[in-house]
Amino acid sequence: MLPNTPLASLSKTAAAATRRAAATVAARRLNHSVRSLPPKPSVPSPLIPRRCLHHMPQDEGGPAAPLRLQAKSFAVAAGSGGVDDEAPALVVVSFYRFADFHDHAAFRRPLKDLCEELRVSGGIILAPEGINGSICGSPVAVDKVLNFIQEDDRLRGLRMIQSPVTPEDEAIHHGHTGQSPVGAGEDAPFRWDHVRVKLKKEIVTFGDPGVMPTKMVGKYVKPKDWNELISDPDTVVIDVRNMYEIRIGKFKRAVDPCTNSFREFPTWVDDQFQLAESNTEPGDNNDNGADGPAGGLNAGSSKQLPRVAMYCTGGIRCEKASSFLLSKGFKEVYHLEGGILKYLEEIPKAESLWEGECFVFDKRVSVEHGLAQGTHKLCYGCKQPISDEDMESPEWEYGVSCPYCFATKSEEEKERARARQRQFEAWGVIGGPDKGRSPKRLQANYVVDAKQLPNSI
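Treat the numbers as computed from the prediction; the structure is a model and nothing was measured.

Conventions adopted
- Residues numbered from 1 in each chain as written.
- Predicted model: local features only at pLDDT ≥ 70, side-chain atom pairs only at ≥ 80, totals over all residues.
- Heavy atoms only, no water.
- Helix = DSSP H or I, 4+ residues; strand = E, 2+ residues; numbered from the N terminus.
- Buried < 20%, exposed > 50% of the residue type's maximum accessible area, 1.4 Å probe, protein only.
- Axes fitted to C-alpha atoms, helices over the stretch in contact; angles between N-to-C directions.
- Parallel < 35°, antiparallel > 145°, perpendicular 65-115°, else oblique.
- Left-handed = near helix turned anticlockwise from the far one by under 90°.
- Contact = heavy atoms within 4.5 Å.
- Pairing = 2+ DSSP bridges.
- 1 Å grid on protein atoms, 1.4 Å probe; cavity = no way out; pocket = protein on both sides within 12 Å on 5 of 7 lines; lining within 4 Å.
- Points joined across faces, edges and corners; volume = space filled by probe spheres on them.
- Nonpolar A, V, L, I, M, F, W, Y, C, P; charged D, E, K, R; others polar.

A. Here's a closer look at the environment of aspartate 225. Relative to the assigned elements, aspartate 225 resides in helix H5 (residues 223–231). Judged by its relative accessible area of 34%, aspartate 225 falls in the partly exposed class. In the structure, aspartate 225 is positioned 111 residues away from leucine 336 in sequence and 9.1 Å away in space, judged by C-alpha atoms.

B. Structural context of the packing of helix H2 (residues 105–118) against helix H3 (residues 139–149). Running from amino to carboxyl end, H2 crosses H3 at an angle of 165°, the nearest separation of the two axes being 10 Å. As judged from the angle between their axes, H2 and H3 are roughly antiparallel. Note on packing geometry: the crossing formed by H2 with H3 is right-handed. Facing Phe107, Pro110, Leu111, Leu114, Cys115 and Leu118 of H2, the residues of H3 in contact are Ala141, Lys144, Val145, Phe148 and Ile149.

C. Up close: the sheet that holds strand S4 (residues 121–127). Strand order in the open sheet formed by five strands is S6-S3-S5-S4-S7, with mixed pairing between adjacent strands. The open sheet terminates on both sides in strands that have one partner only, identified here as strand S6 (159–163) and strand S7 (195–199). Direction aside, the axes of adjacent strands within the sheet are offset by 10° on average. Relative to strand S5 (residues 130–137), S4 runs antiparallel, the two being bridged by seven bridges.

D. Local environment of the sheet that holds strand S11 (residues 307–311). What the four strands build is an open sheet, ordered S8-S12-S11-S9; its pairing is parallel. A strand with exactly one partner marks an edge of an open sheet, and here the two such strands are strand S8 (219–221) and strand S9 (235–239). Pairs of neighbouring strands in the sheet enclose a mean axial angle of 30°, with direction left out of account. Sheet topology places S9 next to S11; five bridges connect them, and they run parallel. From the neighbouring strand, threonine 235 faces S11, where its bridge partner is arginine 307. Contacting S8, S9, S11 and strand S12 (333–336), H5 crosses the sheet at an angle of about 135° to S11.

E. Just the layout of surface pockets, in detail. The volume enclosed by the largest pocket comes to roughly 1,400 Å³. Lining the largest pocket are 46 residues, with Asn132, Val204, Ile316, Arg317 and Phe361 sitting closest to its centre. Of the residues contributing to the lining of the largest pocket, the split by class is 18 nonpolar, 14 polar and 14 charged.

Spatial relationships are all this shows, so hold off on functional conclusions.
What follows is the structure, encoded as structure tokens:
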């Protein structure tokens, strides 16, 4: 079989025709796969292992409310300005659910098969403690996947957040652009050709098996009630996210635990409140703003733990963090329902106490109020958000390093990153014929291969 010829070697006319044909085929395949699904959810699917999955029972008050995913269709531009068939519009839905799910491994294959059949992309984590994921696809397809998941009673009642999708990202998802579909995160939901369903020990890594949100969790606070809670001077506001996330945005008065990973949060809590109990004198006062030191969180009350309000991106980390604090003896633990994303979606900017942008784990990188696209980009060397000012730094090199990782990377690591970037620029994807190898090594390999060729050739 002859290898496929890269588009770069074709004429402009042939390349445009190839892209238009690919666009039409992709759209028709997606529509065909959706139409070919059984119309009635009551019909058993061969993808569903009967021993661990069953259909959702009806509540006494009536059937469960159907999911309402909204999106608008758009005309796909292909080739040199032409417009092909109208492709299905897209939605991105992040979801999670803590549950006793010890047979989670049996769910991986049917879930992955269904996502691939419906061309739903993204990343999903399955663990004994539940499910966590972010998926992208047409509203019909995503709806079918979410309903399939919730056919298991243990996963019913997913906490979900729907985000808008730009036309550019829709084009990438459907494969109608010359840009690479590689997204900005390990589980970026806009890779149109890929879905990951992983088996892990935890759906969000905390490192303490004794923390079980299924047993106890803090009190949920609606976005409309959040401002009043965190404006109370007796409330300690804690940002549960990592430093690189907090660096680009936070709530007013929020404490930054200065963690590099969620695993460090338990140690930070133990250290901070032990210090507070041993070093704080009655009557002391301390400002708990994020600009000051994080110590002394229990100031003013050496015997009673303070009221805590915590938040994270979508709410999942707060479920574990609040459960952990309750196990440590905290009595008043609150967390923002739906996380920052739900707050930015519902609260007008004029009334908001949010400052900056919110980092998200997909190729949008950051979002603002109304979940509009943010201004930050991603350093592909360290996966941290960077601003326009950061890209003016001499330590910034596209695809290689930024001011936040330049000093931590060896020259060998930087050279590997440069090789990967050359590969991307040459072929549009990671995995071209040169495999990202340096030109000198490629030339040396060609010389060796030439010496091994028979003289008759």
